[in-house]
Amino acid sequence: MTLRPASAGPSGLHFAVLDEEDLGVMSAHLQDADMKLGDMAFLPRSRHFALVACRIDWDNVAIGQPARRETGFHFSHVRHVRRIGFEQADPDLALQLLTVSFAATDAPAGDVLLTFAGGRMIKLDVDCLEAEMRDLGPCWAVDKHPRHDLDDVTLPG
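A brief structural summary. (Residues numbered from 1 in each chain as written. Predicted model: local features only at pLDDT ≥ 70, side-chain atom pairs only at ≥ 80, totals over all residues. Heavy atoms only, no water.)

1. Quick look at the overall build of the protein
Along its length, the protein carries two helices and twelve strands. Along the chain direction, N to C, the helices and strands of the protein fall in the order β-β-α-β-β-β-α-β-β-β-β-β-β-β. A buried classification covers 36% of the 157 residues belonging to the protein. Sequence separation of 24 or more characterises 62% of the internal contacts of the protein that already satisfy a separation of 6 or more. (Helix = DSSP H or I, 4+ residues; strand = E, 2+ residues; numbered from the N terminus. Buried < 20%, exposed > 50% of the residue type's maximum accessible area, 1.4 Å probe, protein only. Contact = heavy atoms within 4.5 Å.)

Below, the structure written as structure tokens:
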């Protein structure tokens, strides 16, 4: 794992993603993050795809104090971006991120897939997996947060 560093505290998390294991950690922190379509951008000259989201601070949820944080993250070495299940027309379109995954195509190149509720997706064609995530400010308390009850889940094997 190449997590660099998984620092947390009043200023929140800040780490780099350089492999699929790191991406899994990032995806877990971003699960159920809310964002608007207008809060993301592909910057073709610098080959970055960047966005800002309001993520659940799962560490606070674990201690019974549900909270959210504004978080920025970006992917580098992006060649192409494709939207699946929605158009670019509405910058106020609300999206809820479910997972972030990677599938190698011609290693180290591959596709980063951001999967949103409602069957929407963004597919990033990248030369290699490289990303960064950083919390942009303090937590704020929330009354509700998504719940994922795994007690009723039957795992294979």
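There's plenty left to go through after this.
2. Overview of the packing of aromatic side chains
Overall, the coordinates contain one aromatic pair when judged by the stated rule. Taking 6.3 Å as the distance between ring centres and 85° as the angle between the ring planes, the aromatic pair formed by Phe73 and Phe75 counts as edge-to-face. The class of Phe73 is buried, set by a relative accessible area of 2%. For Phe75, a relative accessible area of 1% translates into the label buried. (Phe/Tyr/Trp six-rings, centres within 6.5 Å; stacked < 30°, edge-to-face > 60°.)

3. Observations concerning the pattern of salt bridges
Scanning the entire structure with this criterion turns up nine salt bridges. Here Arg55 ties to Asp135 by a salt bridge, and the two come within 2.7 Å at their closest N and O atoms. Highlighted residues: Arg55 in strand β5 (residues 48–56) and Asp135 in strand β11 (residues 131–135), separated in sequence by 80 residues. Judged by its relative accessible area of 5%, Asp135 is buried. Arg69 is the partner of Asp57 in a salt bridge, and the nearest nitrogen-oxygen pair spans 2.7 Å. One end of the pair, Asp57, is in the loop between β5 and α2 (58–62); the other, Arg69, is in strand β6 (residues 67–75), with twelve residues separating them in the sequence. (Salt bridge = Lys/Arg side-chain N within 4 Å of Asp/Glu carboxyl O.)

4. Concerning the environment of Met121
Looking at the element boundaries, Met121 is found in strand β10 (residues 121–126). The spacing of Met121 and Arg83 is 38 residues in sequence and 6.0 Å in space, taken between C-alpha atoms. With residues near it in sequence (within four places) discarded, Met121 still touches Arg82, Arg83, Ile84, Phe86, Leu113, Leu114, Thr115 and Phe116.

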